[in-house]
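# Structure assessment
Here are the chains, one letter per residue:
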Amino acid sequence: MPTELKIAALGALLLLVHIFTATRFKTAQYGRTWNVGARDEALPAPNPMAGRTMRAQANFQETFPIAIVALLGVVLANKTSATTALGGWIWLGARVVYLPLYAAGVPVVRTIVWAIGMAGLVIVIWPLLVG
């Protein structure tokens, strides 16, 4: 199995971590009744931790489709290499670090880590753009 597919699968697991993390902090704020209910009621603004984990999840959901296209694209186009695998690992590693940084409210370093992850994706997708 190509490394890039394993990275994509690990990215899917990381999405689950984001979802469960945000849900845990939303449930802590709004209660279990909200969690198991229809969620039709208007809610107060999320507290800082719930808000940060929700935004981290949204950010991951915005960039994960790019990762899927890049990682699956190089596999389907038969353009995998040590470089595309490295780019994928850079992306995944940065995304793993990003969630706790965002949850902790670390501003500048979080953005640098995000940029490193995006650079990893550029490394992966590059062979599809120039080849």
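Residues numbered from 1 in each chain as written. Predicted model: local features only at pLDDT ≥ 70, side-chain atom pairs only at ≥ 80, totals over all residues. Heavy atoms only, no water.

### Concerning the packing of helix H1 (residues 3-30) against helix H4 (residues 82-104)
Contact pair H1 / H4: the axes reach a minimum separation of 10 Å and the direction vectors enclose 10 degrees. If you check the angle between H1 and H4, you find them roughly parallel. Contact residues: Thr3, Glu4, Ile7, Leu10, Gly11, Leu14, Val17, His18 and Thr21 in H1; Thr84, Ala85, Gly88, Trp89, Trp91, Leu92, Arg95, Val96 and Leu99 in H4. In terms of residue class, the contact of H1 with H4 is built from ten nonpolar, six polar and two charged. (Axes fitted to C-alpha atoms, helices over the stretch in contact; angles between N-to-C directions. Helix = DSSP H or I, 4+ residues; strand = E, 2+ residues; numbered from the N terminus. Parallel < 35°, antiparallel > 145°, perpendicular 65-115°, else oblique. Contact = heavy atoms within 4.5 Å. Nonpolar A, V, L, I, M, F, W, Y, C, P; charged D, E, K, R; others polar.)

### Description of the packing of H4 against helix H5 (residues 108-130)
Running from N to C, H4 and H5 cross one another at 160 degrees; their axes reach a closest spacing of 8 Å. Considered as vectors, H4 and H5 are oriented roughly antiparallel to each other. Between H4 and H5 the crossing geometry is left-handed. For the pair H4 and H5, the contacting residues are Thr83, Thr84, Gly87, Gly88, Ile90, Trp91, Ala94, Arg95, Val97, Tyr98, Leu101 and Tyr102 in the first and Val109, Arg110, Val113, Trp114, Ile116, Gly117, Gly120, Leu121, Ile123, Val124 and Pro127 in the second. Of the residues that constitute the contact of H4 with H5, the class distribution is 15 nonpolar, six polar and two charged. (Left-handed = near helix turned anticlockwise from the far one by under 90°.)

### Quick look at helix H3 (residues 48-76)
Relative to the 42 Å expected for 29 residues at 1.5 Å per residue, H3 spans 42 Å between its end C-alpha atoms, a close match to the ideal helical length. A maximum bend of about 30 degrees is found in H3 at Thr63, where proline Pro65 lies one to four positions downstream. Residue Asn47 occupies the N-cap position of H3, its side-chain oxygen lying 3.2 Å from the main-chain nitrogen of Met49. Of the residues one or two after H3, Asn78 is the one with positive phi, at around 55 degrees. (Expected span 1.5 Å × (residues − 1). Bend = angle between axes of the 7 residues up to and from the residue. Polar contact = N/O pair within 3.5 Å; in protein donor to acceptor, adjacent residues only side chain to side chain.)

### Remarks on H1
Taking 1.5 Å of rise per residue, 28 residues should cover 40 Å, and H1 covers 40 Å from first to last C-alpha, within 8% of that figure. Regarding H1, the residues found buried are Glu4, Ile7, Ala8, Gly11, Leu14, Leu15, His18, Ala22, Lys26, Thr27 and Tyr30. Where H1 is buried, its residues contact helix H2 (32-36), H3 and H4. (Buried < 20%, exposed > 50% of the residue type's maximum accessible area, 1.4 Å probe, protein only.)

### Some remarks on the nonpolar core
Counting 14 residues, the largest nonpolar core has Phe60, Phe64, Ala67, Leu71 and Trp91 as its most contacted members. Those elements that provide at least two residues to this core are H1, H3, H4 and H5. Setting aside residues no more than four positions away along its own chain, Ala67 makes contact with Leu72, Trp91 and Leu121. Counting seven residues, the second largest nonpolar core, distinct from the first, contains Ala56, Ala94, Leu99 and Tyr102. (Core = buried A, V, L, I, M, F, W, Y, C linked by side-chain atoms within 4.5 Å.)

Nothing here speaks to function; it is all geometry.
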